[in-house]
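Notes for the structure review
For reference, the chains in residue letters:
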Amino acid sequence: IEQTFSILKPDVTRRNLTGAVNAKIEAAGLRIVAQKRIHMTRPQAESFYGVHKERPFFGELVEMMISEPVVVQVLRGESAIAKYREVMGATNPEKADAGTIRKEFALSMGENSVHGSDAPETAATEIAQFFTESEIV
Ligand code: ATP
Ligand code: MG
């Protein structure tokens, strides 16, 4: 059993789609074992997306992530990391498969509704950035 870190991005909270996205997560067999709504600070967003700091879209990405509250989550399940990436769909919503969260809800490459960890190591560090052990149940 594996855990992954998820963010429902500002385009989801702004459009009141938190429940709709969570329904897709749960329908895929992933269990939401921690969840909170937060307004990310600039340092938090810059540190979270630190790997992308040299990319041309970094500034826009940080502004987007702090523009509205987000929902941060820990998802648990069999192969949770790969399974959630599958449910999310491709980064570019135009390339996302039918039935995926991004195909259904994403607005653009930037406002693509969700984040999911890409490997066990990143899942562990990302979870630790936002949750203590006792908050994950
Ligand atoms: P995430 O890391 O959020 O789960 P991902 O792994 O599919 O998404 P990455 O390549 O890690 O995609 O990019 C991180 C995020 O940066 C994307 O989800 C998107 O919000 C934003 N992003 C990526 N590429 C672009 C781009 N070309 N223009 C604008 N924003 C982008
Ligand atoms: Mg990524």
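This write-up is about the structure you can find in this document. Note that the structure is predicted; figures quoted are calculated from it, not measured. (Residues numbered from 1 in each chain as written. Chains lettered and ligands numbered in written order. Predicted model: local features only at pLDDT ≥ 70, side-chain atom pairs only at ≥ 80, totals over all residues. Heavy atoms only, no water.)

Considerations on the nonpolar core
Spelled out, the test is: What is meant by a nonpolar core is a set of buried Ala, Val, Leu, Ile, Met, Phe, Trp, Tyr and Cys residues, joined one to another through side-chain atoms within 4.5 Å. The buried label applies to any residue whose accessible area, calculated with a 1.4 Å probe on protein chains only, is under 20% of its type's maximum; exposed applies above 50%, and partly exposed to all values in between. A helix here means a DSSP run of H or I that spans at least four residues, while a strand means a run of E at least two residues long, and both kinds are numbered starting from the N terminus. Residue contacts are defined here by distance: any two heavy atoms, one from each residue, within 4.5 Å place the two residues in contact.
If you look at the biggest cluster of nonpolar residues, it comprises 22 residues, and the most contacted ones within it are F5, I7, M40, M65, V72, F130 and F131. Taken together, the elements giving at least two residues each to this core come down to strand 1 (2-8), strand 2 (31-38), helix 3 (42-48), helix 4 (58-65), strand 3 (70-77) and helix 7 (120-130). The biggest single contributor to this core is helix 4, with five residues. Leaving out residues up to four positions away in the same chain, I7 has contacts with M40, F48, M65, V70, V71, V72, S113, V114 and H115. One finds V21, I25, A80 and M88 within the second-largest nonpolar core, a separate group that totals 15 residues.

What to know about the pairing of strand 1
Heads up, the condition is: Note: two strands are recorded as paired if DSSP finds a minimum of 2 bridges between them.
For strand 1, the buried fraction is high: five of the seven residues fall into the buried class. Relative to strand 3, strand 1 runs antiparallel, the two being bridged by seven bridges. Paired with I7 across the strands is V72, a residue of strand 3. When strand 1 meets strand 4 (residues 114-116), the two strands line up antiparallel, connected through three bridges. From the neighbouring strand, I7 faces strand 4, where its bridge partner is H115.

Description of the site of ligand 1
This is how it is decided: If even one non-hydrogen atom of a residue comes within 4 Å of a molecule or strand, that residue is called near it. Pairs of N or O atoms are called polar contacts if they sit within 3.5 Å, as long as, within protein, a hydrogen donor faces a hydrogen acceptor (for residues adjacent in sequence, only side-chain-to-side-chain pairs). Using a 1.4 Å probe, accessible areas were evaluated by the Shrake-Rupley method; residue-level cover was limited to the displayed protein chains. Following the grouping adopted for this structure description, the nonpolar residues are Ala, Val, Leu, Ile, Met, Phe, Trp, Tyr, Cys and Pro, the charged ones are Asp, Glu, Lys and Arg, and the polar ones are all others, Gly among them.
The full set close to ligand 1 counts 15 residues, and K9, T91, G110, N112 and H115 are the nearest of them. Between an oxygen atom of ligand 1 and a side-chain N or O atom of K9, the distance comes to 2.9 Å. Here H115 contributes a side-chain N or O atom positioned 2.9 Å from an oxygen atom of ligand 1. Alone, ligand 1 offers 570 Å² of accessible surface; in the complex the protein occludes 82% of this. Listed by contribution, the elements that provide at least two residues to the shell around ligand 1 are helix 4, helix 5 (80-88) and strand 4. Grouping the amino acids of the shell around ligand 1 by side-chain chemistry returns five nonpolar, six polar and four charged.

Re the sheet that holds strand 4
Paired through backbone hydrogen bonds, the strands of a sheet run either parallel or antiparallel to each other. The criterion, for reference: All axes are obtained by fitting lines to C-alpha atoms, using only the stretch in contact for helices, and the reported angles, taken between N-to-C directions, cover 0 to 180 degrees.
Taken in spatial order, the four strands make up an open sheet running 2-3-1-4, and their pairing is antiparallel. Strand pairing shows two members of the sheet lacking a second neighbour, strand 2 and strand 4, which therefore form its edges. When strand polarity is set aside, the average angle formed by the axes of neighbouring strands in this sheet is 20°.

As for the packing of aromatic side chains
Two numbers describe a pair of aromatic rings. These are the distance of the centres and the angle of the planes. Put simply, the rule reads: Paired rings are identified among Phe, Tyr and Trp, the last through its six-membered ring, by centres lying within 6.5 Å, and are further divided according to the angle between planes into stacked (under 30 degrees), edge-to-face (over 60) and tilted (the rest).
For the structure shown, the criterion picks out four aromatic pairs. Between F48 and Y49, the ring centres sit 4.9 Å apart and the planes meet at 80°, which makes this aromatic pair edge-to-face. By the burial criterion, F48 is buried, and Y49 matches it. Note on F48 and F130: the rings are 5.9 Å apart at their centroids and 65° apart in plane angle, and the pair reads as edge-to-face. With F48 in helix 3 and F130 in helix 7, this residue pair connects regions lying 82 residues apart in the sequence. Accessibility classification places F48 together with F130 in one group, the buried group.

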